[in-house]
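Here's the letter readout for the chains.
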Amino acid sequence: MEIGLSRKELVNILKDESEDVLKSLIDQSYSVKLANVGESVYLRGLVEISNICRKNCLYCGIRSENRIQRYLLTEDEIIQQGEYALKQGYGSVVLQGGERCDSEFIDMIERVIIRLKGLSESVQDSVYNRPLGITLSLGEQSKETYQRWFEAGAHRYLLRIETSNPTLYSKIHPNNPLHSHTTRLKALNFLRECGYQVGSGVMIGLPYQTIEDLADDLIFLKDWGIDMCGMGPYIPHHKSPLYGLTIPEDNIRFTISLKMVALLRLLMPDINIAATTAMQTLHPYGRELAIKAGANVMMPNLTPSRAAKEYLLYEKKPTHIEDNKNDIFKNPDIKFGYHLWGDSPRFLSKNSK
Ligand code: SAH
Ligand code: SF4
């Protein structure tokens with residue numbers, strides 16, 4: 001099934017700049033994708049629920065030190081977007097936001113999950129009377145919080161490791177216990193222990209990052225045994241401390257990101273891999289190309305416009321209107337898995353044994 005690739009082979013492929021190597025890698029990974037997860041691309045409506053964050057990551061536009069208009073969507077606003085997702089046939093939503101660990105926030109998320117789970121009945125024209133799938137991406141939390149949200153009905157969680165290299169991690173985060181690689185790893189383990197399908201990923205083309213780091217990231221994701229992956233290029237934000245540091249050109253970060261997707265598909269044939277917004281930001285057909293390189297999940301942005309302009313993790317991030325400018329939904333080459341959860345086949349087979 002999976003294709004074994006040594007660290008050295010991964011490094012060589014990532015470093016090789018020839019078109020032929022890129023093309024044959026993508027052809028191979030697309031056929032591995034078809035054979036293992038099929039051609040469907042599953043949809044999760046992305047609702048960016050809040051830009052209030054207790055952290056201060058050195059790459060991020062909504063870091064706590066930045067003076068921006070902070071917002072938290074109301075429970076009703078989130079539910080409305082859930083209803084919209086159901087009507088569109090998206091099957092799932094992702095609730096993403098800055099990291100907050102206070103009890104008011106934790107209670108609110110729990111209530112929202114329960115309400116979202118009850119939605120399918122109230123949407124009259126729902127073809128499939130099935131509740132929404134719920135993915136969370138709300139940062140590091142205690143195991144107890146993760147457990148509460150899981151029991152409320154969330155079943156997938158995205159927590160990027162950002163980089164598998166602890167030294168690099170410490171260069172792109174403030175040096176304090178709130179930003180600890182070890183804690184992030186522990187949180188990933190909690191998520192698995194609670195029963196979630198666990199997604200992780202990295203940023204590609206960070207300052208100080210080497211190609212060897214990226215090969216190690218792929219090996220980390222495989223060895224840890226993720227069920228899902230969301231990864232994409234690092235995109236500088238002018239209000240962040242890393243802005244201005246040397247990074248590879250946009251087109252190089254984009255091509256390396258495509259290769260990372262393709263290589264991960266070869267290493268982990270039956271996981272879910274997202275075609276991320278950051279790929280779309282660097283290339284007008286970024287998501288389409290990621291899908292051709294092995295991705296099988298897409299997250300159309302459903303954040304209400306009053307909030308979307310304040311959720312700028314990085315510059316030029318498309319909002320939901322721009323998001324669909326090239327109308328990927330009309331692309332005859334892409335088959336979307338409407339009304340389905342599209343759970344990670346790896347997770348399902350692991351748990352049926
Ligand atoms: N606060 C949560 C979820 C929101 S941030 C968390 O951090 O886990 C979601 C992801 O956005 C982060 O994991 C990071 O990988 C990505 N991100 C933040 N700033 C970015 C930037 N400048 N370029 C590319 N991705 C970025
Ligand atoms: Fe907060 Fe996530 Fe941005 Fe870090 S990456 S500052 S945790 S929103």
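Parameters at a glance
Residues numbered from 1 in each chain as written. Chains lettered and ligands numbered in written order. Predicted model: local features only at pLDDT ≥ 70, side-chain atom pairs only at ≥ 80, totals over all residues. Heavy atoms only, no water. Near = heavy atom within 4 Å. 1 Å grid on protein atoms, 1.4 Å probe; cavity = no way out; pocket = protein on both sides within 12 Å on 5 of 7 lines; lining within 4 Å. Sits in = over half its atoms within 2 Å of the grid points. Nonpolar A, V, L, I, M, F, W, Y, C, P; charged D, E, K, R; others polar. Helix = DSSP H or I, 4+ residues; strand = E, 2+ residues; numbered from the N terminus. Buried < 20%, exposed > 50% of the residue type's maximum accessible area, 1.4 Å probe, protein only. Polar contact = N/O pair within 3.5 Å; in protein donor to acceptor, adjacent residues only side chain to side chain. Areas by Shrake-Rupley, 256 points an atom, 1.4 Å probe, with all protein chains shown as cover. Core = buried A, V, L, I, M, F, W, Y, C linked by side-chain atoms within 4.5 Å. Contact = heavy atoms within 4.5 Å. Salt bridge = Lys/Arg side-chain N within 4 Å of Asp/Glu carboxyl O. Points joined across faces, edges and corners; volume = space filled by probe spheres on them. Phe/Tyr/Trp six-rings, centres within 6.5 Å; stacked < 30°, edge-to-face > 60°. Lys NZ or Arg CZ within 6 Å of the ring centre and 35° of its normal.

A. Molecular detail of the site of ligand 2. In the vicinity of ligand 2, the contacting residues are Cys53, Lys55, Cys57, Tyr59, Cys60, Ile62, Arg63 and Gly98. Taken atom by atom, the bulk of ligand 2 overlaps the largest cavity. Of the residues in the shell around ligand 2, the class split is 5 nonpolar, 1 polar and 2 charged.

B. View of unusual backbone geometry. The phi dihedral of Glu162 falls on the positive side, at around 70°, and the residue is not glycine. Along the chain, Glu162 falls in the loop between β4 (156–158) and α6 (166–171). Residue classification places Glu162 among the buried residues on the basis of a relative accessible area of 9%. We note that Tyr208 has phi near 70°; this positive angle belongs to a residue other than glycine. If you trace the backbone, Tyr208 turns up in the loop between β6 (203–204) and α8 (211–224).

C. The arrangement of the site of ligand 1 in detail. In the vicinity of ligand 1, 17 residues are found, and the nearest of them are Tyr59, Arg160, Glu162, Arg184 and Ile235. Between Gly97 and ligand 1, the recorded distance is 3.1 Å, taken from a backbone N or O atom to a nitrogen atom. Ile235 places a main-chain nitrogen or oxygen 2.7 Å from a nitrogen atom of ligand 1. Contact with the protein chains covers 92% of the free accessible surface of ligand 1, which is 540 Å². If you map ligand 1 onto the pockets, it falls in the largest cavity. Taken together, the residues that form the shell around ligand 1 break down as 9 nonpolar, 5 polar and 3 charged.

D. Seen up close, the nonpolar core. Ranked by internal contacts, the top residues of the largest apolar core, which has 99 residues, are Leu136, Trp149, Tyr196 and Leu264. When residues of this core are assigned to their parent elements, the largest contribution, 10 residues, is made by helix α9 (residues 250–267). Setting aside anything within four residues of it in sequence, one finds Tyr196 in contact with Leu136, Tyr146, Trp149, Phe150, Ala154, His155, Arg156, Tyr157, Leu191, Asp227 and Phe347. Within the second largest apolar cluster, 8 residues are counted, among which are Tyr42, Leu46, Val94 and Ala274.

E. Looking closely at the side chain of His179. By the secondary structure assignment, His179 is in the loop between α6 and α7 (181–194). On the basis of relative accessibility, which here comes to 7%, the residue His179 falls in the buried class. Here the side chain of His179 touches Asn56 through a polar contact of 2.9 Å, landing on its backbone nitrogen.

F. How the structure looks around the environment of Met228. Inspection of the secondary structure assignment puts Met228 in strand β7 (residues 228–229). Along the sequence, Met228 and Pro345 sit 117 residues apart, while their C-alpha atoms lie 9.6 Å from each other.

G. Just the pattern of salt bridges, in detail. Following the criterion strictly, the structure yields 22 salt bridges and no others. Between Asp216 and Arg7 there is a salt bridge, with its nearest N and O atoms 2.6 Å apart. One end of the pair, Asp216, is in helix α8; the other, Arg7, is in helix α1 (residues 7–15), with 209 residues separating them in the sequence. Glu48 is paired through a salt bridge with Lys317; the nearest N and O atoms lie 2.8 Å apart. One end of the pair, Glu48, is in strand β1 (residues 40–50); the other, Lys317, is in the loop between α12 (305–308) and α13 (320–323), and 269 residues separate them in sequence. The exposure class assigned to Glu48 is buried, which follows from its relative accessible area of 0%. Residue class for Lys317 comes out buried when judged on its relative accessible area of 8%. Several salt bridges share partner residues, and in doing so they unite Arg54, Lys55, Glu99, Glu140, Glu162 and Arg184 into one network.

H. Spotlight on the layout of surface pockets. When its volume is computed, the largest pocket comes out at roughly 280 Å³. Asp16, Glu17, Ile252, Thr255 and Lys259 are, among the 13 residues lining the largest pocket, the residues nearest its centre. Listing elements by their share of the lining of the largest pocket, those giving two or more residues are α1, α2 (19–37) and α9. Counting residues per element, the lining of the largest pocket draws most heavily on α9, at 5 residues. Tallied by class, residues from the lining of the largest pocket come to 5 nonpolar, 3 polar and 5 charged.

I. Region of the structure containing the environment of Ser50. Among the structural elements, Ser50 can be located in strand β1. On the basis of relative accessibility, which here comes to 0%, the residue Ser50 falls in the buried class. The spatial distance from the C-alpha of Ser50 to the C-alpha of Leu95 is 9.3 Å, given a sequence separation of 45 residues. In this structure Ser50 touches Tyr71, Leu72, Gln96, Gly97, Gly98 and Tyr311, once residues within four positions along its chain are discounted. From its side chain, Ser50 meets the backbone nitrogen of Ile52 in a polar contact 3.0 Å long.

J. Local environment of the packing of aromatic side chains. Evaluated as defined, the whole model comprises 7 aromatic pairs. Both rings, one in Tyr146 and one in Tyr157, keep their centres 4.9 Å apart while their planes meet at 75°; by these two values the pair is edge-to-face. Residue Tyr146 is located in helix α5 (residues 143–152), and its partner Tyr157 is located in strand β4; the two are separated by 11 residues in the primary sequence. Across the pair, exposure class does not vary: Tyr146 and Tyr157 are buried alike. With 6.0 Å between their ring centres and 55° between their planes, Phe336 and Tyr338 make a pair best called tilted. By the ring-pair criterion, three or more aromatic residues cluster together here, those being Tyr90, Phe329, Phe336 and Tyr338. It is Lys171 that lies over the ring of Tyr208; its NZ or CZ is 5.2 Å from the centre.

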